[in-house]
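# Summary of the model geometry
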Amino acid sequence: RMTDGPGSRLGQSVHAVGFPYYSLTGTAMHLTIGNVSALAGMDDDPRFVSFTAPVQPGNSGGPLIDRGGAVAGVVIARLSDTYIVETTGTVPQNINFALSSAELRGFLDRNGLDAASDGLPEWDMADGAPAGISEAVVPIVCH
């Protein structure tokens, strides 16, 4: 299920779900919380949103989920620590990017695909993940 309306809202709470460093640190699902910190990506690209939930390699391709249990985006990248340190002398903190739900919806429409109408239930992020999340998000490992 996709986020309703035009897309993410600045400051809204989101969870990043994924399998960071899969097999290197284990194979368990990881869930981190943050917020939508900008309604654009690098160079103000409106196809993306910036968010603060910590992510690592292995989160890419995973969902960014809103409190309604809907997909608010798809995690694609984090800002390069090395590049920012070399450029500014400072270490960036939790600057990550996701394909926006509006862009994802456009992709599905252009390809004649529909997002599922059901999915995870609405949930209170302070109470932890809802039942069914481990069936809704699974790792895909390519060798």
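Here's what I pulled together on the structure shown here. Just so it is clear, the structure is predicted and the values come from calculations on it, not from any experiment.

Reading the values: the criteria
- Residues numbered from 1 in each chain as written.
- Predicted model: local features only at pLDDT ≥ 70, side-chain atom pairs only at ≥ 80, totals over all residues.
- Heavy atoms only, no water.
- Helix = DSSP H or I, 4+ residues; strand = E, 2+ residues; numbered from the N terminus.
- Rg over C-alpha atoms; globule rule 2.2 N^0.38 Å.
- Buried < 20%, exposed > 50% of the residue type's maximum accessible area, 1.4 Å probe, protein only.
- Contact = heavy atoms within 4.5 Å.
- Areas by Shrake-Rupley, 256 points an atom, 1.4 Å probe, with all protein chains shown as cover.
- Lys, Arg positive; Asp, Glu negative; His and termini not counted.
- Charge placed at Lys NZ, Arg CZ, Asp CG, Glu CD.
- 1 Å grid on protein atoms, 1.4 Å probe; cavity = no way out; pocket = protein on both sides within 12 Å on 5 of 7 lines; lining within 4 Å.
- Points joined across faces, edges and corners; volume = space filled by probe spheres on them.
- Nonpolar A, V, L, I, M, F, W, Y, C, P; charged D, E, K, R; others polar.
- Pairing = 2+ DSSP bridges.
- Axes fitted to C-alpha atoms, helices over the stretch in contact; angles between N-to-C directions.
- Phe/Tyr/Trp six-rings, centres within 6.5 Å; stacked < 30°, edge-to-face > 60°.
- Core = buried A, V, L, I, M, F, W, Y, C linked by side-chain atoms within 4.5 Å.

Quick look at the overall build of the protein chain now. Summing up its helical and strand segments, the protein chain has three helices and six strands in all. Helices (α) and strands (β) of the protein chain occur, in sequence order from the N terminus, as β-β-β-β-β-α-β-α-α. What you see for the protein chain is a C-alpha radius of gyration of 15 Å, in line with the 15 Å of a compact globule of 143 residues. The C-alpha extent of the protein chain, read off along each of the three principal axes, is 45 × 35 × 35 Å. Here the protein chain, with 143 residues, has 38% of them falling under the buried criterion. Put simply, 60% of the contacts in the protein chain that link residues at least 6 apart link residues at least 24 apart. In the structure as shown, the protein chain presents an accessible area of about 8300 Å², 55% of it carried by carbon and sulfur atoms. Here the protein chain holds 7 positive side-chain charges and 15 negative ones, and the gap between their average locations is 3 Å.

Take the layout of surface pockets next. Taken as a whole, the largest pocket encloses approximately 650 Å³ of empty space. Lining the largest pocket are 31 residues; nearest its centre among them are Gly 61, Gly 62, Pro 63, Ala 136 and Val 137. When contributions to the lining of the largest pocket are tallied by element, the ones reaching two or more residues are strand E1 (13-18), strand E4 (63-66), strand E5 (71-78) and helix H2 (101-110). No other element matches the three residues that E5 contributes to the lining of the largest pocket. The residue makeup of the lining of the largest pocket, split by class, is 20 nonpolar, nine polar and two charged.

What follows is about H2. Helical periodicity: at 3.6 residues per turn, an α-helix aligns residues three or four positions apart in one direction. Along H2, the residues classified as buried are Ser 101, Leu 104, Gly 106 and Leu 108. Where H2 is buried, its residues meet E5 and strand E6 (96-100). Positive backbone phi, at 65°, marks Gly 112, one or two positions downstream of H2.

With that settled, consider the sheet that holds E1. Read once around its circumference, the closed barrel built from six strands follows the order E1-E2-E3-E6-E5-E4, with strand pairing classed as antiparallel. Across this sheet, the average inter-strand angle for adjacent strands is 45°, counted without regard to direction. In this structure, E1 lies alongside strand E2 (residues 30-38), joined through six bridges in antiparallel fashion. Bridge pairing links Val 17 to Leu 31 in E2. Against the sheet, H2 engages E5 and E6, with an angle of about 40° to E6.

Here a ring pair, both rings aromatic, is described through the centre-centre distance and the interplanar angle of the planes. The tally for this structure, following the rule as stated, stands at one aromatic pair. Seen in terms of ring centroids, Phe 19 and Tyr 22 are 6.1 Å apart; in terms of plane orientation they differ by 80°. Their pairing is edge-to-face.

Counting residues in each nonpolar core, the largest one holds eleven residues, listed as Val 14, Ala 16, Val 36, Val 49, Phe 51, Ala 53, Val 55, Leu 64, Ala 72, Val 75 and Ala 98. The set of elements that each furnish at least two residues to this core consists of E1, strand E3 (48-51) and E5. Ignoring anything within four residues of it in the chain, the contact list for Leu 64 reads Val 14, His 15, Ala 16, Val 49, Phe 51, Ala 70, Val 71, Ala 72, Gly 73 and Ala 98. Listed in part, the seven residues of the second largest apolar core include Val 17, Leu 120, Trp 123 and Ile 133.

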